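Observations on chain architecture
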Amino acid sequence: MKPLCPYCHASAVYEVSDDTSHHHTVSLLSPAMLVSLGVSLCKSLKLHPAIGAVAGIALAVVIEMRQPTNALPMRVNRKYRCSHCDHVFTDFN
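Presented here is an overview of the structure given in this document. (Residues numbered from 1 in each chain as written. Predicted model: local features only at pLDDT ≥ 70, side-chain atom pairs only at ≥ 80, totals over all residues. Heavy atoms only, no water.)

**Things to note about a nonpolar patch on the surface**
- Residues L41, L45, L47 and I51 make up a contiguous nonpolar surface patch of roughly 390 Å² in combined accessible area.
- Within the element layout of this structure, L41 appears in helix 2 (residues 31-44).
- The exposure class assigned to L41 is partly exposed, which follows from its relative accessible area of 48%. (Patch = residues over 30% accessible without salt bridge, like charges linked within 9 Å, V, L, I, M, F, W, Y side chains within 5 Å. Areas by Shrake-Rupley, 256 points an atom, 1.4 Å probe, with all protein chains shown as cover. Salt bridge = Lys/Arg side-chain N within 4 Å of Asp/Glu carboxyl O. Helix = DSSP H or I, 4+ residues; strand = E, 2+ residues; numbered from the N terminus. Buried < 20%, exposed > 50% of the residue type's maximum accessible area, 1.4 Å probe, protein only.)

Printed below as a string of structure tokens:
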């Protein structure tokens, strides 16, 4: 059920998603991409590809450990924009 706008009480609201840039960053820093980048970098520097693979895995582990985990979120914060008055508000579900 969509919420009502708290400003004008209109029911014409739609959900706003702002996590698209986060999704692209996560896909670029995936472990497979980092390993293949390390291997190709070591090949171009005339080093053994296993060194690049280990470095890519180590970097992927460090990045994974630094990211916050959202395993059990207590509340889901959804942002909505009112089509009538153009205000953005957050609904806590």
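**Thoughts on the nonpolar core**
- C5, A10, V13, Y80, C82 and F89 together form the largest nonpolar core, which totals six residues.
- Not counting residues up to four positions away in its chain, the partners in contact with F89 are P3, L4, C5, P6, Y7, V13, R78, K79, Y80 and C82. (Core = buried A, V, L, I, M, F, W, Y, C linked by side-chain atoms within 4.5 Å. Contact = heavy atoms within 4.5 Å.)

**Quick notes on the packing of helix 2 against helix 3 (residues 49-66)**
- Following both chains from N to C, one finds helix 2 and helix 3 inclined at 145°, their axes separated by 7 Å at the closest point. Every pair of crossing elements has a handedness; the one defined by helix 2 and helix 3 is right-handed. On helix 3, the residues touching P31, L34, V35, G38, V39, C42 and K43 of helix 2 are P49, I51, G52, A53, G56, I57, L59, A60 and I63.
- A class-by-class count of the residues in the contact of helix 2 with helix 3 yields 12 nonpolar, three polar and one charged. (Axes fitted to C-alpha atoms, helices over the stretch in contact; angles between N-to-C directions. Left-handed = near helix turned anticlockwise from the far one by under 90°. Nonpolar A, V, L, I, M, F, W, Y, C, P; charged D, E, K, R; others polar.)

**Topic: the environment of A10**
- Position of A10 among the secondary structure elements: in the segment before strand 1 (13-16).
- The exposure class of A10 is buried, given its relative accessible area of 15%.
- Residues A10 and C85 lie 75 residues apart in sequence; the distance between their C-alpha atoms is 8.5 Å.

**Some details on the pattern of salt bridges**
- Tallying each qualifying case throughout the model produces one salt bridge.
- With a closest N to O distance of 3.4 Å, D86 and R81 form a salt bridge.

**Focus: helix 3**
- Over its 18 residues, helix 3 runs 26 Å from end to end, which matches the ideal 26 Å to within 8%, given 1.5 Å per residue.
- In this structure, the buried residues of helix 3 make contact with helix 2. (Expected span 1.5 Å × (residues − 1).)

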